[in-house]
Amino acid sequence: MASLRDLLQRYRPVGTPGAAARPGVPVDRVAEVATELEPVFSLLSDTENDVRRLREEARGEARRIREQAAREAEDLVAAAHERVSEVRARAAANARAAAAPDGELLVEAAREAARRVRTRAAVLMPEYVDRAVAEALSTLHTGEAAR
């Protein structure tokens, strides 16, 4: 749609009053611009076609790259799932190896504590046995007296 300015340009003065001049014709700027730019646009049509083709090729290449990346990611995940038990076993073995010296120290400390308990029990056991026998005999005598 023509703007108000374009409409008013059609009725512009074509000359100054005075001597006769060429007759004026209303000016159609849109048609002038289109006529002027038509050769340039026709030269650009090949470039536009090249651009369309390049965009389609780029979209295809991007799609191919995404699909390849997805396949590689799936392969990596599958390989990781396959190796998980191996990695866990290796980690457990490393942890056991690292803890072995501490474990040996703990076992040795436990053995020493058990030895001390046995030694103390051997020393105290006769006294406890004597007390237990005395208590049992006392209960036995008290029970007979009550009858």
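Residues numbered from 1 in each chain as written. Predicted model: local features only at pLDDT ≥ 70, side-chain atom pairs only at ≥ 80, totals over all residues. Heavy atoms only, no water.

Q: Tell me about the overall build of the chain, and name the residues and values.
A: Broken down by element type, the chain carries two helices and zero strands. For the chain, the exposed surface amounts to about 13400 Å²; the carbon and sulfur share of it is 61%. (Helix = DSSP H or I, 4+ residues; strand = E, 2+ residues; numbered from the N terminus. Areas by Shrake-Rupley, 256 points an atom, 1.4 Å probe, with all protein chains shown as cover.)

Q: Give me the pattern of salt bridges: which residues, what numbers.
A: Applying the stated criterion across every chain, the model contains seven salt bridges. In this structure, arginine 53 and glutamate 57 form a salt bridge, with 3.0 Å as the shortest nitrogen-oxygen distance. Of the two residues, arginine 53 and glutamate 57 both sit in helix α2 (residues 29-146), four residues apart, roughly one turn of that helix. The residue arginine 90 makes a salt bridge to glutamate 86 at a minimum N-O spacing of 2.8 Å. Pair noted here: arginine 90 and glutamate 86 are both in helix α2, with a separation of four residues, about one helical turn. On the basis of relative accessibility, which here comes to 40%, the residue arginine 90 falls in the partly exposed class. (Salt bridge = Lys/Arg side-chain N within 4 Å of Asp/Glu carboxyl O. Buried < 20%, exposed > 50% of the residue type's maximum accessible area, 1.4 Å probe, protein only.)

Q: Account for a nonpolar patch on the surface, with residues named and values stated.
A: Taken together, Met125, Tyr128, Val129, Val133, Leu137 and Leu140 make up a surface patch of nonpolar side chains, about 550 Å² in accessible area. You can see valine 129 is positioned in helix α2. When its relative accessible area of 40% is taken as the criterion, valine 129 is described as partly exposed. (Patch = residues over 30% accessible without salt bridge, like charges linked within 9 Å, V, L, I, M, F, W, Y side chains within 5 Å.)

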